[in-house]
Amino acid sequence: MAKNLFLLLFLFFVLSLFSGILSQYELEELTWLDDNDDEISMFHSQHSAMRKCDFSSGKWVIDQSYPLYDSSCPYLSSAVTCTKNGRPGSDYEKWRWKPHGCEIPRFNALEFLGRMTKKRIMLVVQSVIPMARKTITYVGPTMAFYAMDFETTIVFCWAPFLVELKKGPENKRILHLNMIEENAKYWRGADVLVFDSAHWWTHSDKYSSWDLIMEGNSFYRNMHPMVAYEKGLMTWAKWVDLNLDPRKTRVLFRSMSPRHNRENGWKCFNQREPLEFFSHPHVPEPLLVLKEVLRRMSFPVFFQNITTMTALRRDGHPSVYSKFVSQTGKQHLGDYKSDCSHWCLPGVPDTWNEMLNVML
């Protein structure tokens, strides 16, 4: 499950915010919160104005007050703790995204928990909560973190395609473009749902995520991945339109995180700084597909565009530091496989969550 948590933090996650369970403690009894009341009040005064900010357009700036937490966080997979794995320097943790014309407030975990009392939410907040005041439970594809005193639960639900991937005859992996209920049953009753799905749809050849695609009663071996992606998203969109009430549930969809594993300078090994700008910005095909599906929906889905800002961060990947590199190994780094798809933590995905915090 630790590996799944790592994937859900910054690949393709479905985030559910559900009503919480009543706590035996009242908020006024939380003496460990007293020193933070002023911080929480100040943050509220900024919140409404920030919702009008265009977060997708801006630049990365150095900020020595970052990161939001350190790599000793117990919920991080070893594959993303790049510093522990021997990556030299920590500059990649010090970059803050600054939108043009506004600022994203630094994430305040206590303020966030206070706003989300009696709901289930996602974000890295564990370090501000005493160990005895939080629990973690696992049910099926979900992992739930519960902050007792706020009656707040953070739920991660693993569903990389949104639609269902099942084993068929001869152990073949069959992607069912019209089937979603096995995943969607975990989303019912939510206050807020945040979806993210794209990365696994783009795998091809021997790295393909499925063996066969099924649509209706027909099987396909060679359907174009973006055609399949659109069909799968349409199944998701119909489920949202038919099953959710916009008066009770807020739905957000986060765009895809680009990879930097192409040739001509895009490989991430030894990259130390973000790109400053793009002379010819590339718009990924999945982004075009996603925007079109969202446009056709009747349910008002909030779109969180993290694609451009993330594309600038070629320096933020584990690269060869997705596992521990010994002193001897550092002499032969060229022999290691460079991971230019996932992200070091603390790092880039934390900025996505700061944006999400403001959107909520």
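What counts as what
Residues numbered from 1 in each chain as written. Predicted model: local features only at pLDDT ≥ 70, side-chain atom pairs only at ≥ 80, totals over all residues. Heavy atoms only, no water. UniProt positions renumbered as here; feature names shortened; annotations may be inferred. Helix = DSSP H or I, 4+ residues; strand = E, 2+ residues; numbered from the N terminus. Expected span 1.5 Å × (residues − 1). Buried < 20%, exposed > 50% of the residue type's maximum accessible area, 1.4 Å probe, protein only. Pairing = 2+ DSSP bridges. Disulfide = S-S within 2.5 Å.

As recorded in an unreviewed UniProt entry, the chain goes by Trichome birefringence-like N-terminal domain-containing protein and comes from Anisodus acutangulus. According to the UniProt record, the Sequence similarities (unreviewed entry) comment for the chain reads "Belongs to the PC-esterase family. TBL subfamily."

Draft legend 1. Region of interest: helix 5 (residues 225–243). Between its terminal C-alpha atoms helix 5 stretches 27 Å, which fits the 27 Å expected from 19 residues at 1.5 Å a residue. Buried within helix 5 are the following residues: Met-226, Ala-228, Tyr-229, Gly-232, Leu-233, Thr-235, Trp-236, Ala-237, Trp-239 and Val-240.

Draft legend 2. The arrangement of helix 8 (residues 348–359) in detail. For helix 8, with 12 residues, the first-to-last C-alpha span of 18 Å sits near the 16 Å given by 1.5 Å per residue. Summarising burial for helix 8: 12 of the 12 residues are buried, a large majority. Listing the buried residues of helix 8 in full gives Val-348, Pro-349, Asp-350, Thr-351, Trp-352, Asn-353, Glu-354, Met-355, Leu-356, Asn-357, Val-358 and Met-359.

Draft legend 3. Fine view of the pairing of strand 4 (residues 134–139). The sheet contact formed by strand 4 and strand 5 (residues 142–147) spans 6 bridges and is antiparallel. The residue bridging Val-139 from the neighbouring strand is Thr-142, located in strand 5. In this antiparallel pair of consecutive strands, strand 4 and strand 5, the connection spans 2 residues, and Gly-140 shows a positive phi of 55 degrees.

Draft legend 4. Broad picture of the state of the cysteines. In this structure the tally under the stated criterion is 2 disulfides. Between the sulfur atoms of Cys-82 and its disulfide mate Cys-344 the distance is 2.1 Å. Of note, the bridge from Cys-82 to Cys-344 carries an S-S torsion of about -95 degrees and is left-handed in sense. In this pair, Cys-82 is assigned in the loop between strand 2 (58–62) and strand 3 (95–99) and Cys-344 in the loop between helix 7 (307–311) and helix 8, connecting sequence segments 262 residues apart. For the pair shown, Cys-82 and Cys-344 are each scored as buried. Each sulfur of the disulfide joining Cys-268 and Cys-340 lies 2.2 Å from the other.

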